[in-house]
Amino acid sequence: MAGSENVYIAEDGTIKAADAKVKVPVREQDPKIRATNFDEVCYGYNQEEAIAEASRCLNCKNAKCIAGCPVEIDIPAFIQQVKNGEFAKAYETISSSSALPAICGRVCPQETQCEGVWIRGMKGDAISIGKLERFVADWAKEQNIKPLSCTLKNGHKVAVIGSGPAGLTCAGDLARIGYDVTIFEALHKPGGVLLYGIPEFRLPKDAVVAPEIENVMDMGVKIETNTIIGKSVYIDELFEEGYEAVFIGSGAGLPVFMGIPGENANGVFSANEYLTRNNLMKAFRDDYDTPIKCGKKVVVVGGGNVAMDATRTALRLGSEVHIVYRRTEAELPARVEEVGHAKEEGVIFDLLTNPVEILTDDDQWVKGIKCIRMELGEPDASGRRRPIPVEGSEFEIDCDIVIMALGTSPNPLISSTTEGLDTNKKKCIIADEADGKTSKEGVFAGGDAVTGAATVILAMGAGKDAAKGIDEYIRNRSK
Amino acid sequence: MYRIIESDLLAANIYRMVVEAPRIAKHCMPGQFIIVIKDEFSERIPLTICDYDRTKGTITIVFQPAGASTTMLTELKSGDHFYSIVGPLGNPSELCSMSKEELSSLKILFIAGGVGTAPVFPQVKWLHENGITADAIIGAKTKDLVILEKEFNEVCNLYVTTDDGSYGRNGMVTKCLEDLVAEGHDYNYAIAIGPMIMMKFTCLLTKKLGIHTIVSMNPIMVDGTGMCGACRLNVGNEVKFACVDGPEFDGHLVDFDQAMKRAQLYKTEEGRAKLALEEGKTHHGGCGNCGGDK
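How each quantity is defined
- Residues numbered from 1 in each chain as written.
- Chains lettered and ligands numbered in written order.
- Predicted model: local features only at pLDDT ≥ 70, side-chain atom pairs only at ≥ 80, totals over all residues.
- Heavy atoms only, no water.
- Helix = DSSP H or I, 4+ residues; strand = E, 2+ residues; numbered from the N terminus.
- Rg over C-alpha atoms; globule rule 2.2 N^0.38 Å.
- Buried < 20%, exposed > 50% of the residue type's maximum accessible area, 1.4 Å probe, protein only.
- Contact = heavy atoms within 4.5 Å.
- Areas by Shrake-Rupley, 256 points an atom, 1.4 Å probe, with all protein chains shown as cover.
- Domains from an automatic or database assignment.
- Buried area = accessible area lost by both parts, 1.4 Å probe.
- Salt bridge = Lys/Arg side-chain N within 4 Å of Asp/Glu carboxyl O.
- Polar contact = N/O pair within 3.5 Å; in protein donor to acceptor, adjacent residues only side chain to side chain.
- Nonpolar A, V, L, I, M, F, W, Y, C, P; charged D, E, K, R; others polar.
- Phe/Tyr/Trp six-rings, centres within 6.5 Å; stacked < 30°, edge-to-face > 60°.
- Pairing = 2+ DSSP bridges.
- Axes fitted to C-alpha atoms, helices over the stretch in contact; angles between N-to-C directions.
- pLDDT = per-residue confidence, 0-100.
- Parallel < 35°, antiparallel > 145°, perpendicular 65-115°, else oblique.
- Left-handed = near helix turned anticlockwise from the far one by under 90°.
- Right-handed = clockwise from strand over helix to strand, strands pointing away.
- Arc of directions from axis to C-beta.

## Regarding the overall build of chain A
The number of helices and strands found in chain A is 17 helices and 18 strands. Rg of the C-alpha trace for chain A: 23 Å, near the compact-globule value of 23 Å for 479 residues, within the 12% margin. When burial is assessed residue by residue, chain A has 59% of its 479 residues classed as buried. A separation threshold of at least 6 residues defines the contact pool for chain A, and within that pool the share at least 24 residues apart is 68%. Looking at chain A as shown, the accessible area adds up to about 19,300 Å², and 49% of this sits on carbon and sulfur atoms.

## Overview of the domain arrangement of chain B
Accessible area lost on assembly of the parts is the figure often given for the size of an interface. All names here are of chain B. According to the domain assignment, chain B consists of domain 1 (2-87), domain 2 (99-216) and domain 3 (220-294). On the domain 2 side, the residues contacting the 15 residues of domain 1 number twelve residues. Between domain 1 and domain 2 the total buried area reaches about 1,100 Å² when both faces are included, carbon and sulfur atoms providing 71% of it. Between domain 1 and domain 2 we count one salt bridge in total. In this structure, Lys125 engages Asp51 in a salt bridge whose closest nitrogen and oxygen atoms are separated by 2.9 Å. On the surface where domain 1 and domain 2 come into contact, there are one residue pair in polar contact (both at pLDDT 80 or more). When residues of the side of domain 1 that touches domain 2 are assigned to their parent elements, the largest contribution, five residues, is made by strand E4 (residues 45-53). Residue composition of the side of domain 1 that touches domain 2, grouped by class: eleven nonpolar, three polar and one charged.

## Observations regarding the environment of Met404 of chain A
Residue and element names in this part refer to chain A. By the element assignment, Met404 lies in strand E16 (residues 401-404). Spatially, the C-alpha atoms of Met404 and Val136 are 36 Å apart, while their sequence positions differ by 268 residues. Met404 has contacts with Val256, Phe257, Met258, Ile260, Glu263, Val268, Phe269, Ser270, Ala271, Val301 and Ile358, leaving out every residue within four places of it along the chain.

## Structural notes on the packing of aromatic side chains
This model, assessed by the stated rule, comprises eleven aromatic pairs over all chains. Arranged with centres 6.3 Å apart and planes meeting at 45°, the rings of Phe269 of chain A and Tyr274 of chain A form a pair that is tilted. Residue Phe269 of chain A is classed as buried on the basis of its relative accessible area of 2%. Judged by relative accessible area, Tyr274 of chain A falls into the buried class, the value being 1%. When the ring of Phe121 of chain B is compared with that of Phe152 of chain B, the centres are 5.6 Å apart and the planes differ by 45°; the resulting orientation is tilted. With a gap of 31 residues between them, Phe121 of chain B in helix H4 (residues 117-129) and Phe152 of chain B in helix H5 (residues 149-155) connect regions that are remote in the sequence.

## Here's the deal with the interface of chain B and chain A
If you look at the interface, chain B gives 45 residues, while chain A gives 50 residues. When chain B packs against chain A, the two sides together hide about 4,000 Å² of surface, and 52% of this comes from carbon and sulfur. Two residues, Lys26 of chain B and Glu237 of chain A, come together in a salt bridge whose shortest N-O distance is 2.6 Å. Of all the elements in the fold, those that place two or more residues in the side of chain B that touches chain A are helix H1 (22-27), helix H2 (68-73), strand E6 (84-89), strand E13 (232-235), strand E14 (238-241) and helix H9 (256-263) of chain B. Counting residues per element, the side of chain B that touches chain A draws most heavily on E6 of chain B, at six residues.

## A closer look at the sheet that holds strand E7 (residues 108-113) of chain B
Residue and element names in this part refer to chain B. The strand order across the open sheet built from seven strands is E10-E9-E8-E7-E11-E12-E15, with neighbouring strands paired in mixed fashion. What marks the edges here is a single partner per strand, and that holds for strand E10 (169-170) and strand E15 (248-250). Strand direction decides the pairing type here: E7 and strand E8 (residues 135-140), joined by five bridges, are parallel. Within E8, the residue paired with Gly113 across the bridge is Gly139. Contacts from H4 reach E7, E8, strand E11 (189-193) and E15, with the element oriented near 155° to E7.

## Topic: the confidence of the model for chain B
When pLDDT is averaged along chain B, the result is 91, and 95% of the positions lie at 70 or above. Reported confidence for the predicted complex is 0.88 by ipTM and 0.90 by pTM.

## Let's talk about the sheet that holds strand E10 (residues 320-324) of chain A
Paired through backbone hydrogen bonds, the strands of a sheet run either parallel or antiparallel to each other. Residues and elements named next belong to chain A. Ordered in space as E8-E16-E9-E10-E11, the five strands form an open sheet in which the pairing is parallel. Two strands lie at the open edges of the sheet, namely strand E8 (268-270) and strand E11 (348-350), each paired on one side alone. Taking the axes of each pair of neighbouring strands and ignoring which way they run, one obtains an average angle of 25° across the sheet.

## Here we look at the packing of helix H12 (residues 271-278) of chain A against helix H13 (residues 305-316) of chain A
All names here are of chain A. For the pair H12 and H13, interaxial distance at closest approach is 10 Å and the crossing angle is 50°. The pairing of H12 with H13 is recorded here as oblique in orientation. As H12 packs across H13, the resulting crossing turns out to be left-handed. Here Ala271, Tyr274, Leu275 and Asn278 of H12 come into contact with H13, specifically with Val306, Asp309, Ala310, Thr313 and Ala314. Classifying every residue of the contact of H12 with H13 gives six nonpolar, two polar and one charged.

## Some details on unusual backbone geometry
In this model, Gly87 of chain B is joined to Pro88 of chain B through a cis peptide bond whose omega is -5°. Position of Pro88 of chain B among the secondary structure elements: in strand E6. Here Leu352 of chain A, not a glycine, exhibits a phi torsion of approximately 50°, which is positive. Structurally, Leu352 of chain A is set in the loop between E11 and strand E12 (353-360). The exposure class assigned to Leu352 of chain A is partly exposed, which follows from its relative accessible area of 25%.

## Here's the deal with the pairing of strand E9 (residues 157-162) of chain B
The side chains of a regular strand alternate between both faces of the sheet. All names here are of chain B. Of all six residues in E9, five are buried; the element is thus mostly enclosed. Alignment of E8 against E9, held across six bridges, turns out to be parallel. Residue pairing for E9: Ile138 is matched across the bridge by Val160. With H5 bridging E8 and its parallel neighbour E9, the resulting β-α-β unit is right-handed. Across two bridges, E9 lies against E10 in parallel orientation. Pairing of Thr161 across the sheet is with Arg169, part of E10.

## A few points about helix H6 (residues 173-182) of chain B
All names here are of chain B. What H6 keeps buried is the set Val173, Cys176, Leu177 and Leu180. The buried residues of H6 occupy an angular sector of 100° when projected down its axis, which confines them to one face. Packing partners of the buried residues in H6 comprise E7, E8, E9, E10 and helix H7 (196-209). Directly beyond the C-terminal end of H6, a positive phi value near 105° is found at Gly184.

What follows is the structure, given as structure tokens:
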């Protein structure tokens with residue numbers, strides 16, 4: 001049994017973790033090998049490891065982990081079920097709260113959510129809730145167990161815009177209680193950021209994303225791809241088509257650039273473009289036509305999860321890769337696990353460094369990036385210490401590709417074509433945090449379209465809250 | 001969905017297809033475009049909308065194969081389906097939001113170059129339907145490459161010019177424009193659509209002539225909804241995305257030299273892919289040196 005040194009069988013025959021204070025380690029692909037392929041990095045737990053890890057749960061009465069989960073999964077209940085080997089029941093527990101457990105188990109920042117508030121965290125490692133969730137979801141898929149769905153339809157139609165995490169969750173929750181839901185997706189395949197943004201090696205598309213989307217469709221949700229709301233059809237038309245409520249989960253939007261000289265040179269890409277070419281359009285596979293530029297030396301600007309994804313993608317395409325980030329490692333917004341993975345794989349971090357110009361050759365191709373050293377000053381509005389340029393410290397890094405991973409600004413397609421839909425100063429759609437209600441009657445919104453770029457699970461939480469809001473709205477309306 | 005109803009050749013290597021796409025046909029306006037995908041493994045290719053029929057739910061697309069991906073589109077025949085068509089993308093032409101008074105105050109000239117004749121057509125036709133018969137120049141390399149002449153003649157005052165003088169007037173569209181102005185035509189609003197180099201030189205001339213000029217840009221694109229930023233252009237020293245800010249811009253503000261360089265981004269890959277397509281399986285491993293396509 002792999003990883004058996006971390007697991008033992010107690011006198012009463014139960015499987016336990018070797019050290020109750022330490023997480024049962026999860027097996028991963030060797031960094032040197034995985035840096036050359038797009039296969040999933042993390043292998044996940046096997047049954048014994050999952051049971052052993054679950055045995056570490058204290059099963060607290062006042063379980064803080066549930067409150068740390070944006071979709072409020074009954075975490076202690078499913079962990080006890082795993083501990084008892086009742087995996088099917090554990091799947092039922094999880095899937096009654098989350099439509100996408102195999103995805104969340106992989107990409108949620110558990111360390112700042114369920115695991116972050118975990119009580120045992122004070123005494124030892126937090127329990128690996130994410131890895132257990134993933135184990136249960138993967139096990140259910142292998143056994144072909146589907147989430148519970150509603151057979152009784154209530155006859156009310158709801159439109160959901162965007163098939164990313166917010167939209168899928170909202171659609172799944174509404175379908176589960178009997179609504180007739182159609183998702184409208186702008187791209188040619190459903191999944192949103194799960195498909196175009198997060199790479200294969202972190203979130204396998206055919207093995208993990210597609211089956212979870214199928215589960216949502218099995219609940220009766222229809223998905224119309226190639227349909228851009230605000231272009232192919234307008235929100236007011238959806239009401240004319242008989243939809244009683246609309247949920248906008250259209251995602252983040254337009255990539256932000258720095259506004260420095262040389263940024264339009266050939267060889268400068270947004271992380272969105274680079275990742276979309278590779279993930280959605282599968283440039284890394286020979287059987288797809290999509291071209292992608294694989295440089296000798298790639299500089300990725302930014303320090304978030306998207307920057308890590310772009311970095312590790314470029315690495316796998318055969319480039320030497322540098323991260324250029326203006327603060328220190330402590331301030332990197334990316335998950336610690338992602339930073340660790342990137343380092344193991346050989347990514348070079350140039351910290352306290354900020355680009356000031358992209359250098360080009362006579363043909364307008366990137367030949368380097370001019371940067372300036374930074375130091376940290378007083379904390380700014382975000383609470384992080386403000387980076388300040390060190391005068392006269394400019395230096396150049398030779399490179400042939402620059403990838404900008406600096407976040408996004410909201411996409412105006414929907415807000416500019418929908419009368420009565422208010423946006424804030426940052427052009428994000430204004431929606432009530434509790435139920436997703438917007439300024440326009442019958443229109444709800446959530447996820448990155450409202451908050452700006454955030455995480456998969458926060459979008460799912462917003463999709464879930466909006467589903468409740470929509471249900472309440474339609475019930476009140478039909479009274 | 002996306003069934004091809006008609007498919008024919010407008011000229012050597014210029015293809016026209018009428019495709020079922022009801023949502024697009026219902027909403028598209030002159031100036032907008034679509035993105036097509038031939039099959040699951042193909043690229044997303046931005047194409048021009050040449051015409052639309054709102055009642056039949058069809059759109060007409062016109063394209064001239066250049067790289068491997070557009071060449072592969074020609075494999076599709078009447079009755080076949082596209083894997084995906086999405087749109088309408090980009091903003092409608094500025095003309096479409098003008099009042100009748102504003103429109104009639106303009107002295108409009110359309111300047112179409114090569115396959116760029118196709119996206120000019122819906123604009124000329126729309127104006128005609130709104131009571132205005134504009135002037136239009138169609139420029140082509142040679143007689144055989146002049147397209148849509150009959151259709152244009154029905155909706156505008158047409159001047160055809162060929163680079164080699166084999167049909168119509170003799171010379172490029174810029175010469176035709178200079179001649180028309182010399183002949184006493186007076187324009188204050190031009191819409192120029194065609195190859196980047198043609199739009200660049202047209203804009204240099206119209207600037208000199210004091211004619212406000214709109215161009216339609218067709219840069220490399222992935223999603224077409226603003227998400228990827230591949231289509232960014234320098235317009236009046238600001239970064240603009242052709243898909244959400246355009247595709248039509250003030251031609252006197254567009255940095256054409258940069259746009260032309262950006263259009264070369266995947267030239268090596270395109271060349272290799274085209275060669276692979278032409279030579280089939282004999283291409284790979286033949287020399288033992290190139291390491292295939294990627």
